[in-house]
Amino acid sequence: MTTTLAATQPTVRYHPIRGAVYGLLFGLGLALVLMVFKVLALSVPIMIVLGLVFSVLGGVWGRFAPPRGAKTPPPEPPPSPMAPPQPPPAPSP
Amino acid sequence: MRPTTVLRAMLATGVAFGALALCGSAFAQNQADPNETLRALVPEGQPGDLDVTEGDAIYKQIASAVGASTDVADFGDGSELTGPCGGFAFSYDGDGKLIDAAADLGNDSPPVDLLENQQAFTSGNPFKVDTRGVVAYFGFSPQTGDGPRNHKWTIKTAGVSLDSGGDSNGDAKNRNAGLVDLGKELPLTFSFKTKVSGEMTSENLPPCIGNGWVEFEGGFPLATVPGIVGTLFLAGGLIGLLFNSRPAMTWKA
């Protein structure tokens, strides 16, 4: 029986869905803050538009932003398996 | 023409315009300020619940003063009131201090800001209302004759219906007055500027349609519920974008 050692390779995990959700939250919050300060008039369409725009931007950010480093170091490779047992010597005549 | 001559001509023209402007402003200050005539008709302190008789008397004084001293003639900037209706509204803050006053004579002229003698309910001059205060109002429809029978009314803002109602008005009343205590009617305070539209239809009169800008004042904006919610959404979204949705390196076997 043999065991093949698998090498760990760095890879990038993208989060476009998370980016879209947080972008939507940011857009709605920005719309509300601008409206309570009367920079923008109260308007449901404006809230929807800002929410959608920042949701799209957040999704793009979650997909194409520069990746940050891994939180953990690469995992240690498992220890080498024991050598197979040697066959017994042939008996003497 | 030599450059120095051009410069001298421009300087002389500028001085001439400046002198004319100074003369014009001096001329305006020498005339009686029409704002004071109108402003004097508005009670400085909260008048209490108006009745129709009292409101009618105040309205007649306002109507004669507006006709004599205002120069607001053209509709524009999002403010109008059409149909056989008119009246006035006085807005007071939570401490009873007057913050705004407007009137409409039920004719083709736009509503008038009684404190500043310009068009009221516009985007640049919205009608100010304190969400902790009150609004005293008087309205008529029409000024003479039977009032609206089986009328229905709606008020909308930001594309959303705020309120609606109606009445058979069997007595054909054509006037109404009262006091709206926003501090008691509203569940929370808020600060917004919004366009409000209203319409009243009836069996016997043409529709009364109004559009205008209203500015709600509820104290420091971030201390109101919408302000707090907006701040939380904004901060939460920003933190999530910066720290929880950026692509991340990871290890894969």
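Just so you know, these numbers come straight off a predicted model, no measurement behind them.

Here is what the cut-offs are and how they apply
Residues numbered from 1 in each chain as written. Chains lettered and ligands numbered in written order. Predicted model: local features only at pLDDT ≥ 70, side-chain atom pairs only at ≥ 80, totals over all residues. Heavy atoms only, no water. Helix = DSSP H or I, 4+ residues; strand = E, 2+ residues; numbered from the N terminus. Buried < 20%, exposed > 50% of the residue type's maximum accessible area, 1.4 Å probe, protein only. Contact = heavy atoms within 4.5 Å. Areas by Shrake-Rupley, 256 points an atom, 1.4 Å probe, with all protein chains shown as cover. Buried area = accessible area lost by both parts, 1.4 Å probe. Salt bridge = Lys/Arg side-chain N within 4 Å of Asp/Glu carboxyl O. Polar contact = N/O pair within 3.5 Å; in protein donor to acceptor, adjacent residues only side chain to side chain. Nonpolar A, V, L, I, M, F, W, Y, C, P; charged D, E, K, R; others polar. Core = buried A, V, L, I, M, F, W, Y, C linked by side-chain atoms within 4.5 Å.

A. The arrangement of the overall build of chain B in detail. Secondary structure summary: chain B contains five helices and 13 strands in total. Taken across its 253 residues, chain B has 37% of its residues classed as buried. Sequence-distant contacts in chain B: of pairs separated by 6 or more residues, those separated by 24 or more amount to 72%. Per element, the accessible surface of chain B, about 13,700 Å² overall, is 59% carbon and sulfur.

B. Highlighting the interface of chain B and chain A. Taken together, the contact between chain B and chain A spans 35 residues of the former and 42 residues of the latter. Taken over both partners, the interface formed by chain B and chain A buries close to 3,600 Å², and the fraction arising from carbon and sulfur atoms is 71%. Seen at the junction of chain B and chain A, the total is two salt bridges. Linking chain B with chain A are ten residue pairs in polar contact (both at pLDDT 80 or more), by the criterion used here. Elements represented by at least two residues in the side of chain B that touches chain A include exactly β11 (192-201), β12 (208-217), α5 (225-243) and β13 (248-252) of chain B. The element best represented in the side of chain B that touches chain A is α5(B), accounting for 13 residues. Here the side of chain B that touches chain A is composed, by residue class, of 19 nonpolar, eleven polar and five charged.

C. Spatial organisation of the nonpolar core. Judged by nonpolar contacts, the single largest core of 22 residues is most densely connected at B:V42, B:I62, B:F88, B:F90 and B:L114. Mapped by element, the contributors of at least two residues to this core are α3 (52-69), β2 (86-92), β3 (98-104) and β7 (134-140) of chain B. Looking at this core element by element, the count peaks at five residues for α3(B). Within the second largest apolar cluster, 17 residues are counted, among which are A:L32, A:V36, B:F127 and B:F192.

D. Main features of the pattern of salt bridges. Summed over the entire model, instances satisfying the criterion amount to six salt bridges over all chains. Across the pair B:E215 and A:K38 runs a salt bridge, and its minimum N-O distance is 3.7 Å. Placement of B:E215 in strand β12 and of A:K38 in the loop between α1 (16-36) and α2 (44-64) is noted, with the two residues assigned to different chains. Where B:R149 meets B:D146, a salt bridge forms, and the shortest distance between an N and an O atom there is 3.4 Å. Assessed through its relative accessible area of 46%, B:D146 is described here as partly exposed. Each of A:K38, B:E215 and B:E217 takes part in one network of salt bridges that share partners.

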